[in-house]
Amino acid sequence: MAVCIAVIAKENYPLYIRSVPSQNELKFHYTVHTSLDVVEEKVSAVGKSLADQRELYLGLLYPTEDYKVYGYVTNSKVKFVIVVDSSNTSLRDNEIRSMFRKLHNSFTDVMCNPFYNPGDPIQSKAFNGIVSGMMVQTG
């Protein structure tokens, strides 16, 4: 499962970042931040081609020695980034896609909340619960 899940606003500031274990939190912030360049490259490449515009899943953004970073962009240009441990070889592409789909659906629920101001950090307990279900369980 995931070791870090991030939701990045259209303007490239974090709306939500959660990582496990928490002592590596700064490292994951850096990993998510550096992945935004790759996301922008892939989005601009899709924009230039006549590919299917409905494909929101960007796939593997880049692998590192310890982690694999996957990306997803909504129609409103909000970016989701999931960092997975490289040692987890059983996780397939369609499982990553379903994780992004669940994350997107939960994010949509947060956006539909009349008490949520778009652009504020996400503090929803329901969203946090969905993310907790996707995270690696430690301990």
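Looking at an unreviewed UniProt entry, one finds the chain named Trafficking protein particle complex subunit 2-like protein and attributed to Poecilia formosa. According to UniProt, the comment filed for the chain under the heading Sequence similarities (unreviewed entry) is "Belongs to the TRAPP small subunits family. Sedlin subfamily." The UniProt entry for the chain carries this comment under Subcellular location (unreviewed entry): "Cytoplasm, Perinuclear region".

Glancing now at the environment of Pro 14. Positionally, Pro 14 belongs in strand S2 (residues 14-19). For the pair Pro 14 and Met 135, spaced 121 residues apart in sequence, the C-alpha to C-alpha distance is 18 Å. Excluding anything up to four places from it in sequence, Pro 14 contacts Val 7 and Ile 8.

What follows is about the pairing of strand S1 (residues 2-8). In terms of residue burial, S1 counts as a mostly covered element, since seven of its seven residues are buried. Inspection of the sheet shows S1 paired to strand S5 (residues 79-85) by six bridges, in the antiparallel sense. In the strand pairing of S5, Ala 6 is matched with Val 81. Bridge count for S1 against S2 is five bridges, and the pairing is antiparallel. Residue pairing across strands places Ile 8 opposite Pro 14, the latter belonging to S2.

For the rest of this paragraph, the subject is the packing of aromatic side chains. For the structure shown, the criterion picks out six aromatic pairs. On the numbers, 5.4 Å between centres and 80° between planes, the contact of Phe 80 with Phe 107 is edge-to-face. Highlighted residues: Phe 80 in strand S5 and Phe 107 in helix H2 (residues 93-111), separated in sequence by 27 residues. The same class applies to Phe 80 and to Phe 107, which are both buried. By way of ring pairs, the aromatic residues Tyr 57, Tyr 72, Phe 80, Phe 100 and Phe 107 are connected into one cluster.

Basis of the calculations
- Residues numbered from 1 in each chain as written.
- Predicted model: local features only at pLDDT ≥ 70, side-chain atom pairs only at ≥ 80, totals over all residues.
- Heavy atoms only, no water.
- UniProt positions renumbered as here; feature names shortened; annotations may be inferred.
- Helix = DSSP H or I, 4+ residues; strand = E, 2+ residues; numbered from the N terminus.
- Contact = heavy atoms within 4.5 Å.
- Buried < 20%, exposed > 50% of the residue type's maximum accessible area, 1.4 Å probe, protein only.
- Pairing = 2+ DSSP bridges.
- Phe/Tyr/Trp six-rings, centres within 6.5 Å; stacked < 30°, edge-to-face > 60°.

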